[in-house]
Amino acid sequence: MATAVAGALGLLWGWLWSERFWLPQNVSWADLEGPADGYGYPRARHILSVFPLAAGIFFVRRLFERFIAKPCARHVGIQDSGPYQTQPNAILEKVFISITKYPDEKRLEGLSKQLDWDVRKIQCWFRHRRNQDKPPTLTKFCESMWRFTFYLCIFCYGIRFLWSSLTSGLYYYYIMELAFYWSLMFSQFTDIKRKDFLIMFVHHLATIGLITFSYINNMVRVGTLVMCLHDASDFLLEAAKLANYAKYQRLCDTLFVIFGAVFVATRLGIYPFWVLNTTLFESWEMIGPYPSWWLFNGLLLILQVLHIIWSYLIMRIAFKALIRGKVSKDDRSDVESSSEEEDVTTSTKSPRGGNSSNGANRVNGHMGGSYWAEE
């Protein structure tokens, strides 16, 4: 029995690491052994250190958010307070949970007659109830500060190895990036839920697959470039979100414009015309396709599709933000999700907020920054 199990595992292991699948013709795993220090060529066993490191990163993140990010948030005036609690009402709560969070005019009129409430009051109830489920600004600030810190540090670290073969430094860069994305895979289910949850989940899967594959297959130069291209814009987005949460709207808008320009330049410019051109066409001419070549380029193309989707979303958000910047707050419908209105309320209560008109300008005076940040 034990012999049969061992034989089956041996066949599975041989199939999993088939040279015909992973490597070009006339190349074997023995060719990638390299020198005795283990850093001449990547080795599959190096990846095993990712999983305890991912758990360590998750633990460090919790410490960072509690002892570094949270004090920084309080320093810039972000208070540790939960959302406004709505007035309890069993009928409206049942409608909110079971039917709709955005009642139309006909339903609002029916609820108004049933409760003997003014329609505007019911609209406000639903608006506050929607905002009650949203995480507080302090939580979002801490999450963004952690990501900003990691992306900035790992981007600066990775720039050093763009033109290197595998060294111990490049090994640490790869392993740290891979561990970080594994930690995001786990923490995504406990972090703030966003509209692009599914897209981000696919992105993390594709990224983990690409990092692992490119490392094992000794495509570290392509992998390093792809990771640096992504990190170049990611830390700018997190910095813009931090500025928005802290109510530094001019800085927020400036960082968002820079982020948009860098994102489009790297992911719609350098990535397809440099990286994909090399991996798809130049590599075809040099070594020809082989089974894992299709997998590798398929994952790269998935990322490019996501880049196009995100670029469209960024441009749409920027356009709507510009339009909203020209519309006064009083002209907006009360049934609209009012996260930006909450930001105005917060800013007018803040010691740095000044008067009420200043608070409104923080939303409508500069590209409608709170709107795009929430999106």
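These numbers were taken from a predicted model, which means no experiment stands behind them. (Residues numbered from 1 in each chain as written. Predicted model: local features only at pLDDT ≥ 70, side-chain atom pairs only at ≥ 80, totals over all residues. Heavy atoms only, no water.)

1. Regarding the overall build of the chain
Here comes step 1: Looking only at helices and strands, the chain has 15 helices and zero strands in total.
Here comes step 2: Out of the 375 residues in the chain, the part that is buried amounts to 46%.
Here comes step 3: The contacts in the chain between residues at least 6 apart in sequence include a share of 76% that link residues at least 24 apart.
Here comes step 4: Of the accessible surface of the chain, which amounts to about 19900 Å², a share of 64% is contributed by carbon and sulfur atoms. (Helix = DSSP H or I, 4+ residues; strand = E, 2+ residues; numbered from the N terminus. Buried < 20%, exposed > 50% of the residue type's maximum accessible area, 1.4 Å probe, protein only. Contact = heavy atoms within 4.5 Å. Areas by Shrake-Rupley, 256 points an atom, 1.4 Å probe, with all protein chains shown as cover.)

2. Section: empty space enclosed by the protein
Here comes step 1: Taken as a whole and judged by the stated rule, the model has two cavities of 30 Å³ or more.
Here comes step 2: Considering only enclosed or pocket space, the largest cavity measures out at about 150 Å³ in volume.
Here comes step 3: Secondary-structure elements contributing two or more residues to the lining of the largest cavity are helix H8 (168-187), helix H9 (197-216), helix H10 (220-245) and helix H12 (291-324).
Here comes step 4: With six residues, H10 is the largest single contributor of residues to the lining of the largest cavity. (1 Å grid on protein atoms, 1.4 Å probe; cavity = no way out; pocket = protein on both sides within 12 Å on 5 of 7 lines; lining within 4 Å. Points joined across faces, edges and corners; volume = space filled by probe spheres on them.)

3. Comments concerning the nonpolar core
Here comes step 1: If you look at the biggest cluster of nonpolar residues, it comprises 72 residues, and the most contacted ones within it are Phe141, Phe180 and Tyr271.
Here comes step 2: Mapped by element, the contributors of at least two residues to this core are helix H3 (50-75), helix H7 (137-159), H8, H9, H10, helix H11 (249-286) and H12.
Here comes step 3: With residues up to four places along the chain from it excluded, the contact list for Phe180 reads Ile57, Trp146, Phe150 and Tyr151.
Here comes step 4: Leu92, Leu115, Ile122 and Trp125 belong to the second-largest nonpolar core, a separate cluster that totals ten residues. (Core = buried A, V, L, I, M, F, W, Y, C linked by side-chain atoms within 4.5 Å.)

4. Brief notes about the confidence of the model for the chain
Here comes step 1: Averaged over every residue, the pLDDT of the chain is 79; residues scoring 70 or more account for 82%.
Here comes step 2: Least confident of the elements in the chain is helix H14 (residues 356-364), whose mean pLDDT is 36; most confident is H3, at 93.
Here comes step 3: Residue range residues 326-370 is modelled with pLDDT below 50. Its contacts to residues more than four positions away, or to other chains, number 82 contacts. (pLDDT = per-residue confidence, 0-100.)

5. Comments concerning the packing of aromatic side chains
Here comes step 1: Throughout the structure, instances matching the rule amount to 25 aromatic pairs.
Here comes step 2: Seen from their ring centres, Trp284 and Trp294 are 5.9 Å apart, and the 90 degrees between their planes marks the pair as edge-to-face. Here the residue Trp284 occupies a position in helix H11, and Trp294 occupies one in helix H12, the gap between them amounting to ten residues.
Here comes step 3: A relative accessible area of 42% means that Trp284 is categorised as partly exposed.
Here comes step 4: Residue classification places Trp294 among the exposed positions, given a relative accessible area of 53%.
Here comes step 5: Aromatic ring contacts, followed pair by pair, group Phe64, Trp146, Phe150, Tyr151, Phe180 and Tyr181 into a single cluster.
Here comes step 6: Seen from the ring of Trp117, Lys121 lies directly overhead, with NZ or CZ sitting 4.3 Å from the centre. (Phe/Tyr/Trp six-rings, centres within 6.5 Å; stacked < 30°, edge-to-face > 60°. Lys NZ or Arg CZ within 6 Å of the ring centre and 35° of its normal.)

6. Section: the environment of Phe141
Here comes step 1: Relative to the helices and strands, Phe141 resides in helix H7.
Here comes step 2: Separated by 72 residues in sequence, Phe141 and Ala69 have C-alpha atoms that sit 7.5 Å apart.
Here comes step 3: With residues up to four places along the chain from it excluded, the contact list for Phe141 reads Ala69, Cys72, Ala73, Val76, Ile78, Leu242 and Tyr245.

7. Looking at the packing of H3 against H7
Here comes step 1: Where H3 meets H7, the closest approach of the two axes is 9 Å, and the angle between their N-to-C directions is 120 degrees. Considering their axes alone, H3 and H7 lie oblique with respect to each other. Considering the relative orientation of H3 and H7, their crossing is right-handed. On the side of H3, the interface is formed by Ile57, Val60, Arg61, Phe64, Glu65, Ile68, Ala69, Lys70, Cys72 and Ala73, while H7 contributes Leu138, Phe141, Cys142, Glu143, Met145, Trp146 and Thr149.
Here comes step 2: Residues that form the contact of H3 with H7 fall into these classes: twelve nonpolar, one polar and four charged. (Axes fitted to C-alpha atoms, helices over the stretch in contact; angles between N-to-C directions. Parallel < 35°, antiparallel > 145°, perpendicular 65-115°, else oblique. Left-handed = near helix turned anticlockwise from the far one by under 90°. Nonpolar A, V, L, I, M, F, W, Y, C, P; charged D, E, K, R; others polar.)

8. A short note on the environment of Tyr248
Here comes step 1: In this structure, Tyr248 sits in the loop between H10 and H11.
Here comes step 2: Taking C-alpha positions, Tyr248 is 9.4 Å from Val76, a pair spaced 172 residues apart along the chain.

9. What about the side chain of Ser283?
Here comes step 1: By the element assignment, Ser283 lies in helix H11.
Here comes step 2: Not counting chain neighbours up to four residues away, the residues in contact with Ser283 comprise Thr278, Gly288 and Trp293.

10. Regarding the pattern of salt bridges
Here comes step 1: Within the structure shown, the criterion is met by six salt bridges.
Here comes step 2: For Arg62, the salt bridge is made with Glu65, and the minimal N-O distance between the two is 3.5 Å. Taken together, the positions of Arg62 and Glu65, both in helix H3 and three residues apart, correspond to about one turn of that helix.
Here comes step 3: The exposure class of Arg62 is partly exposed, given its relative accessible area of 35%. (Salt bridge = Lys/Arg side-chain N within 4 Å of Asp/Glu carboxyl O.)

11. Digging into the packing of H7 against H8
Here comes step 1: At a closest axis distance of 10 Å, the pairing of H7 and H8 adopts a crossing angle of 155 degrees. One way to sum up the angle between H7 and H8 is to call them roughly antiparallel. When you trace H7 past H8, the crossing you get is left-handed. Contacts from Trp146, Arg147, Phe150, Tyr151, Ile154, Tyr157 and Gly158 of H7 reach H8 at Gly169, Tyr172, Tyr173, Met176, Glu177, Phe180, Tyr181 and Leu184.
Here comes step 2: Residue composition of the contact of H7 with H8, by class: eleven nonpolar, two polar and two charged.

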